[in-house]
Amino acid sequence: FQFGRRKMNMTETITRHELPKHFDGYYEMKGVKNIVQNSFEKTDEKITKWTCTNTFHFKGLMNLIAPFMKDNFRHQSWIIMKNFKGYCEYTVIQ
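Residues numbered from 1 in each chain as written. Predicted model: local features only at pLDDT ≥ 70, side-chain atom pairs only at ≥ 80, totals over all residues. Heavy atoms only, no water.

**A closer look at the overall build of the chain**
- Of the regular secondary structure elements, the chain holds two helices and six strands.
- Helices and strands in the chain line up, N terminus first, as β-β-β-β-β-β-α-α.
- Principal-axis analysis of the C-alpha atoms places the extent of the chain at approximately 45 × 25 × 20 Å.
- Split into buried and exposed, the 94 residues of the chain put 15% on the buried side.
- Contacts in the chain between residues far apart in sequence, at least 24 positions, make up 16% of those at least 6 positions apart.
- Accessible surface computed for the chain: about 8,000 Å², of which carbon and sulfur atoms make up 56%.
- Each charge class in the chain can be summarised by its mean position, and for the 15 positive and 9 negative side chains these summaries are 9 Å apart. (Helix = DSSP H or I, 4+ residues; strand = E, 2+ residues; numbered from the N terminus. Buried < 20%, exposed > 50% of the residue type's maximum accessible area, 1.4 Å probe, protein only. Contact = heavy atoms within 4.5 Å. Areas by Shrake-Rupley, 256 points an atom, 1.4 Å probe, with all protein chains shown as cover. Lys, Arg positive; Asp, Glu negative; His and termini not counted. Charge placed at Lys NZ, Arg CZ, Asp CG, Glu CD.)

As structure tokens, then:
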């Protein structure tokens, strides 16, 4: 995983793979565990509501730094969601 110029190792563990309704898992890297719950609900013929819940757990030094980085975590989650949305919309159109 690359965040700006920093490269980080991250492990993904899938805990629930029930597409098209649910896809959950967690992501771990040094000092951080991010539990992610995704649910997808059809609201119209061509519209899907995506709900994504993130819960972060911190250890060690990250436990001290994380409160000051709250906006960074939100922004990065938003970027990932935006990219995934674009991928899905492009894939469906093709």
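**Structural notes on the packing of aromatic side chains**
- All told, the structure shown has six aromatic pairs when counted by the stated rule.
- Relative to Phe 84, the ring of Phe 40 lies with its centre 6.5 Å away and its plane at 45°, an arrangement referred to as tilted. Residue Phe 40 is found in strand 5 (residues 32–44), and its partner Phe 84 is found in helix 2 (residues 70–93); the two are separated by 44 residues along the sequence.
- These aromatic residues form a ring-pair network of at least three members: Phe 40, Trp 50 and Phe 84.
- The positively charged end of Lys 33 is found above the aromatic ring belonging to Tyr 26, 4.2 Å away from the centroid. (Phe/Tyr/Trp six-rings, centres within 6.5 Å; stacked < 30°, edge-to-face > 60°. Lys NZ or Arg CZ within 6 Å of the ring centre and 35° of its normal.)

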